[in-house]
Amino acid sequence: MAEQTVLHVKARLEKPTEYPERFPVPDSLVSWESEYPDYSPPYYVSPVVLRNDSSSNPGGWADPEDISLLKETPRQSFAGMLRLDGKGRALNPAGRTGMAGRGLLGKWGPNYAADPIITCINSTDRSVEMLAVQRRDNGQWAIPGGMVDKGEEISATLTRELREETGVVLDMSLGCLIYQGYVDDPRNTDHAWMETTAKHLHLDPETALRLDPVAGSDARAVRWFPLTPENIGKLYASHCALVKATLVELSRVGRAGVTESEREIVERLLQAL
Ligand code: BGC
């Protein structure tokens, strides 16, 4: 399983257009352990999050803006034990982001997503392919992932998102765990951030051919997406890292469900990355 070992970058240098500018956080001051007396990030919470505040809107998907109304402050996440600030807010486990508040994220602390990764080897040209969606929001190709609903099992989210976005029905509880933890995402703030669980299923060419993918509501298009070095580099958010970790798993000698010739194809692709 891949681990988050590098400093987060998108969470400091990128942002959705509606966010104010992030307060500068140099590499040496990312860690909460490093003293940064002048650190004064702007506070931002999106109007869409406030409209969905579950304390005033019973159908809303967001936590109360007033953190004292929160039933339980998260103390732990896939990233480990969380430290709290003076106001009882869980702090981003990857360190400072230059932005306070929740931004576009609904939950204080970890916001959980799930990423179902489906691969196969194309029976005609023997290239490595992944079932991918073209996102409606930015036109980028992506793993057909989405947010975990309240109280939902992660395997159920993986299966549901795959079905909703691609029309493909597969039992993702049978998938191999590729990654579970923090995601360096442009929406992240000091008090709200993305974490994901990525699981992978590799299909034989006949099974893959029998599937009939249809783009769901959040997707402009769906297709078996050729995993070339160029395409992998252009994937949405941190999906490039998840796909690389998947390829490493697929190239493992003795990986169940992968023939030796398929393993060699994946190995050649990894060498080209
Ligand atoms: C996406 C996931 C992605 C996560 C973190 C979610 O909104 O649906 O595919 O991994 O954000 O970037």
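Now for a quick tour of the structure. (Residues numbered from 1 in each chain as written. Predicted model: local features only at pLDDT ≥ 70, side-chain atom pairs only at ≥ 80, totals over all residues. Heavy atoms only, no water.)

## So, the packing of aromatic side chains
Worth spelling out the cut-off: We call Phe, Tyr and Trp rings a pair once their centres come within 6.5 Å, taking the six-membered ring for Trp, and we label the pair stacked below 30 degrees between planes, edge-to-face above 60, and tilted otherwise. The helix count covers DSSP runs of H or I at least four residues long, the strand count covers runs of E at least two residues long, and both are numbered beginning at the N terminus. The rule is simple: take the accessible area with a 1.4 Å probe, protein chains only, and divide by the maximum for that residue type; under 20% is buried, over 50% is exposed, in between is partly exposed. Here, a charge over a ring is recorded when the distance from Lys NZ or Arg CZ to the ring centre is within 6 Å and its angle to the ring normal is within 35 degrees.
Per the counting criterion, the structure on display carries 7 aromatic pairs. For the ring pair Y19 and Y44, a centre distance of 5.4 Å and an interplane angle of 50 degrees mean the geometry is tilted. Here Y19, found in the loop between α1 (10–13) and β1 (43–45), pairs with Y44, found in strand β1; they are 25 residues apart in sequence, far enough to count as distant. An identical accessibility class is assigned to Y19 and Y44; each is buried. Note on F23 and Y36: the rings are 6.0 Å apart at their centroids and 55 degrees apart in plane angle, and the pair reads as tilted. With F23 in the loop between α1 and β1 and Y36 in the loop between α1 and β1, this pair connects stretches of sequence that are 13 residues apart. Residue F23 is classed as partly exposed on the basis of its relative accessible area of 23%. Of the residues examined, Y36 reaches a relative accessible area of 16% and is grouped as buried. One aromatic cluster in this structure is built from F23, W32, Y36 and Y39. One residue, R96, lies across the ring of Y39, its end atom 5.1 Å from the ring centre.

## Points about the site of the ligand
This is how the line gets drawn: We call a residue near a given molecule or strand whenever any one of its heavy atoms falls within 4 Å of it. Within 3.5 Å is the distance limit for a polar contact, defined as a pair of N or O atoms, with the added protein rule that one can donate a hydrogen and the other accept it, and that residues adjacent in sequence qualify only through two side-chain atoms.
The environment of the ligand is made up of A113, D115, R135, G145, G146, M147, V183, D185, R187, M194, A237 and H239. A distance of 2.9 Å is found between an oxygen atom of the ligand and a side-chain nitrogen or oxygen belonging to R187. Side-chain polar atom of H239 to an oxygen atom of the ligand: 2.9 Å apart, as the coordinates give it. Of all elements in the fold, only β5 (109–121) and β8 (146–147) reach the threshold of two or more residues within the shell around the ligand.

## Some thoughts on the environment of V6
When you line up the elements, V6 lands in the segment before α1. Separated by 178 residues in sequence, V6 and D184 have C-alpha atoms that sit 9.7 Å apart.

## A few points about helix α7 (residues 260–272)
Selection criterion: Here, expected helix span is obtained from the residue count minus one, scaled by 1.5 Å. The reported arc concerns the directions from the helix axis to the C-beta atoms and nothing else. Here, two residues are considered to be in contact whenever any of their heavy atoms come within 4.5 Å of each other.
In a regular helix each residue adds 1.5 Å, so 13 residues correspond to 18 Å; α7 covers 19 Å between its end C-alpha atoms and thus fits that length. Listed as buried for α7 are E262, R263, I265, V266 and L269. Considered in projection along α7, the buried side chains sweep an arc of 160 degrees and stay on one side of the axis. Opposite its buried face, α7 presents the exposed residues R268 and Q271, each directed more than 90 degrees away. Where the residues of α7 are buried, they touch β5, β6 (128–135), β10 (192–202), α4 (205–210), α5 (229–233) and α6 (239–250).

## Brief notes about the pattern of salt bridges
Where we set the bar: What counts as a salt bridge is simple: a side-chain nitrogen of Lys or Arg found within 4 Å of a carboxyl oxygen of Asp or Glu.
Under the counting rule described, the total for this entry stands at 15 salt bridges. For R160, the salt bridge is made with E161, and the minimal N-O distance between the two is 3.1 Å. Take R160: its relative accessible area is 13%, and that puts it in the buried class. The buried category is assigned to E161, whose relative accessible area is 7%. Where E267 meets R263, a salt bridge forms, and the shortest distance between an N and an O atom there is 3.2 Å. Of this pair, E267 and R263 both sit in helix α7, separated by 4 residues, roughly a single helical turn. The partly exposed category is assigned to E267, whose relative accessible area is 31%. Residue class for R263 comes out buried when judged on its relative accessible area of 9%. One salt-bridge network, in which partners are shared between bridges, spans D149, E152, R160, E161 and E164.

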